[in-house]
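Fold and contact review
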Amino acid sequence: MVVAKIAPITGKFRKRLILDISVSLGLGTAAGYAYWYGMHVPQVRRRDEFYLKLEKEKASGLVSPYRQLA
């Protein structure tokens, strides 16, 4: 009976580790951009517009300084 030698599998762990790290960094970066430009920037824009409007109203004298800000 002749047993053929099978070449050992080498470098599989390293290749898988590099793939996992690359995918996780790519997905993490994509998720970060999605949060930043999809949620954070619009919220900050709405907040800034609100305070700009409030400041203009105060400057024109239309709003009492004791107005409740719901």
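Structural notes, computed from the coordinates. Remember, it's a predicted structure, so these values are computed and weren't measured experimentally. Starting afresh in each chain, residues are numbered from 1 along the sequence in its written order. Confidence filtering applies because this is a predicted model: local features only for residues at pLDDT of at least 70, side-chain atom pairs given and counted only at 80 or more, and all residues used for totals across whole chains, interfaces and linings. Only heavy atoms go into the side-chain values, all of them from the structure, while hydrogens and water stay out.

Opposite charge on two side chains lets them pair, provided their charged atoms get close. The term salt bridge refers to a side-chain nitrogen of Lys or Arg lying within 4 Å of a carboxyl oxygen of Asp or Glu. Tallying each qualifying case throughout the model produces two salt bridges. Here Asp20 ties to Arg16 by a salt bridge, and the two come within 3.4 Å at their closest N and O atoms. Here Asp20 pairs with Arg16, and both are found in helix α1 (residues 12–60), just four residues apart, close to one helical turn. For every residue, the accessible area obtained with a 1.4 Å probe (protein chains only) is divided by the maximum for its type, and the residue is called buried under 20%, exposed over 50%, and partly exposed between those limits. Judged by relative accessible area, Asp20 falls into the partly exposed class, the value being 39%. According to the relative accessible area criterion, Arg16 is exposed, its value standing at 52%. Among the salt bridges present, the one from Arg47 reaches Asp48, with a minimum N-O distance of 3.4 Å. Secondary structure elements follow DSSP: runs of H or I no shorter than four residues count as helices, runs of E no shorter than two count as strands, and numbering proceeds from the N terminus.

As a further point, take the packing of aromatic side chains. Stacked, edge-to-face and tilted labels apply to pairs of Phe, Tyr and Trp rings (six-membered ring for Trp) whose centres lie within 6.5 Å, assigned for plane angles under 30 degrees, over 60, and everything in between, in that order. If you walk through the whole model with that rule in mind, you get two aromatic pairs. Judged by centre distance (5.9 Å) and plane angle (10°), the ring pair of Tyr33 and Tyr37 falls under stacked. Highlighted residues: Tyr33 and Tyr37, both in helix α1, separated by four residues, approximately one helical turn. Of the residues examined, Tyr33 reaches a relative accessible area of 52% and is grouped as exposed. Judged by its relative accessible area of 55%, Tyr37 is exposed.

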